Amino acid sequence: MFSRIKDQPVVGKLIAQYDQLPPRDQQALAVLAIAVFLGILYVAVWRPVAGFYEHSVAARDNAGELLAWMQANEQTIRRLESSGANAPAATADKPGDGRALMALVTRSAGEAGLSLQRFEPSGDVAIRVWLENAPFAEVAAWLELLNGNHGVVIDQAAMDRASEPGRVSVRLTLAI
């Protein structure tokens, strides 16, 4: 194979020029060629392999931590798994469209003792809601009730502390 490469006219010219160099220049060129080869080997082979190895070690450690957590919380996971069988019954009251969601939100807010300052549809399956100077605990309980019993999720939320302790102004986007 090397004989075919040496037979190429361009390679022959380079070899002839190399042979005409003084011995010190030939040595310097050989050292430079070895350094360039080692640099290419490092960048093209060693760094990707080392990066892959580090990523694999991190993934293994992460999986080990997850396994340890799952083993420590096995009873809780099993309890949640068995209660998951009842999930369709719990979300049977899930609203089907934006109008049903709006009716559910206004009705449940009244039942929770909250007064909505403003509400408006946001697309087909979402609603924007504003509450002013509402008790934080009641807002949190209301949102938990909406999520737990009706499958309503908070798409966006912004809460500002009111001047009185324990009271907030809330802007929410609730979705089905």
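For the structure, see preceding data.
Residues numbered from 1 in each chain as written. Predicted model: local features only at pLDDT ≥ 70, side-chain atom pairs only at ≥ 80, totals over all residues. Heavy atoms only, no water.

K.L.:
How should I be thinking about the pattern of salt bridges in this particular structure?
P.N.:
Note that side chains of opposite charge can pair when their charged atoms are close. All told, the structure shown has seven salt bridges when counted by the stated rule. Notably, a salt bridge pairs Arg 171 with Asp 160, separated by 3.1 Å at the nearest N-O pair. With Arg 171 in strand 4 (residues 167-175) and Asp 160 in strand 3 (residues 153-161), this residue pair connects regions lying 11 residues apart in the sequence. Looking at Asp 160, the relative accessible area reads 37%, which means it is partly exposed. One salt bridge connects Arg 167 with Glu 164, and the closest N-O pair in it is separated by 3.9 Å. One salt-bridge network, in which partners are shared between bridges, spans Arg 118, Glu 120 and Arg 128. (Salt bridge = Lys/Arg side-chain N within 4 Å of Asp/Glu carboxyl O. Helix = DSSP H or I, 4+ residues; strand = E, 2+ residues; numbered from the N terminus. Buried < 20%, exposed > 50% of the residue type's maximum accessible area, 1.4 Å probe, protein only.)

K.L.:
Help me understand the sheet that holds strand 4 in this model?
P.N.:
Hydrogen bonding along the main chain pairs the strands of a sheet, whether they run parallel or antiparallel. The antiparallel open sheet is built from four strands, whose spatial order is 1-2-4-3. Two strands lie at the open edges of the sheet, namely strand 1 (118-121) and strand 3, each paired on one side alone. The sheet shows a mean angle of 15° between the axes of neighbouring strands, direction not considered. Here four bridges tie strand 1 to strand 2 (residues 126-135), and the two strands are oriented antiparallel to one another. (Pairing = 2+ DSSP bridges. Axes fitted to C-alpha atoms, helices over the stretch in contact; angles between N-to-C directions.)

K.L.:
Would you take a moment to explain helix 6 (residues 98-111) for this structure?
P.N.:
Residues lying three or four places apart along an α-helix face the same way, a consequence of the helix completing one turn every 3.6 residues. Here helix 6 contains 14 residues, and its C-alpha end-to-end distance of 20 Å stays within 8% of the 20 Å for a straight helix at 1.5 Å per residue. Of the positions making up helix 6, those classed as buried are Gly 98, Leu 101, Leu 104, Val 105, Ser 108 and Ala 109. The buried residues of helix 6 occupy an angular sector of 120° when projected down its axis, which confines them to one face. Projecting away from the buried face of helix 6 at angles above 90 degrees are the exposed residues Arg 99, Gly 110 and Glu 111. Taken together, the buried residues of helix 6 touch strand 2, helix 7 (136-150) and strand 4. The positive-phi residue at the C-terminal boundary of helix 6 is Gly 113, with phi of around 80°. (Expected span 1.5 Å × (residues − 1). Arc of directions from axis to C-beta. Contact = heavy atoms within 4.5 Å.)

K.L.:
Just checking my understanding: could you explain the pairing of strand 4 for this structure?
P.N.:
In summary, the side chains of a regular strand alternate between the two faces of the sheet. Counting buried residues in strand 4 gives seven out of nine residues, a clear majority hidden from the surface. In terms of strand pairing, strand 2 meets strand 4 through eight bridges, oriented antiparallel. Its bridge partner being in strand 4, Ile 127 is matched across the sheet by Leu 174. Across eight bridges, the pairing between strand 3 and strand 4 is antiparallel. Of the residues in strand 4, the one forming a bridge with Met 159 is Val 170. Once strand 3 ends, the chain turns through five residues before running back antiparallel as strand 4, passing Gly 166 with a positive phi of about 80°.

K.L.:
Just checking my understanding: could you explain the packing of aromatic side chains for this structure?
P.N.:
To describe a pair of aromatic rings, one takes the distance between the centres and the angle between the planes. With the rule as written, the count across this model stands at zero aromatic pairs. For Arg 118, the ring lying beneath its charged end belongs to Trp 130, and the centroid distance is 4.1 Å. (Phe/Tyr/Trp six-rings, centres within 6.5 Å; stacked < 30°, edge-to-face > 60°. Lys NZ or Arg CZ within 6 Å of the ring centre and 35° of its normal.)

K.L.:
Looking at this model, I keep getting lost on unusual backbone geometry. Mind explaining?
P.N.:
Among all residues save glycine, negative phi is the norm, and among peptide bonds the norm is trans. Despite not being glycine, Asn 133 has its phi angle at roughly 50°, a positive value. Note that Asn 133 resides in strand 2. A relative accessible area of 32% places Asn 133 in the partly exposed class.

K.L.:
Even after reading the chapter, I still don't get the side chain of Thr 173, so can you show me in this structure?
P.N.:
Turning to its location among the elements, Thr 173 is positioned in strand 4. Non-local contacts of Thr 173, meaning those with residues more than four positions away in its chain, are made with Ser 122, Ala 126, Ile 127, Arg 128, Val 153, Ile 154, Asp 155 and Gln 156.

K.L.:
I would appreciate a short explanation of the environment of Glu 74 in the present structure.
P.N.:
Mapped onto the secondary structure, Glu 74 falls in helix 4 (residues 74-84). A C-alpha to C-alpha distance of 66 Å links Glu 74 and Ala 28, two positions 46 residues apart in sequence.

K.L.:
Before we go on, may I ask you to explain the environment of Asp 160 in this structure?
P.N.:
C-alpha separation for the pair Asp 160 and Glu 132, spaced 28 residues apart in sequence, amounts to 9.3 Å. Not counting chain neighbours up to four residues away, the residues in contact with Asp 160 comprise Arg 167, Val 168, Ser 169 and Arg 171.

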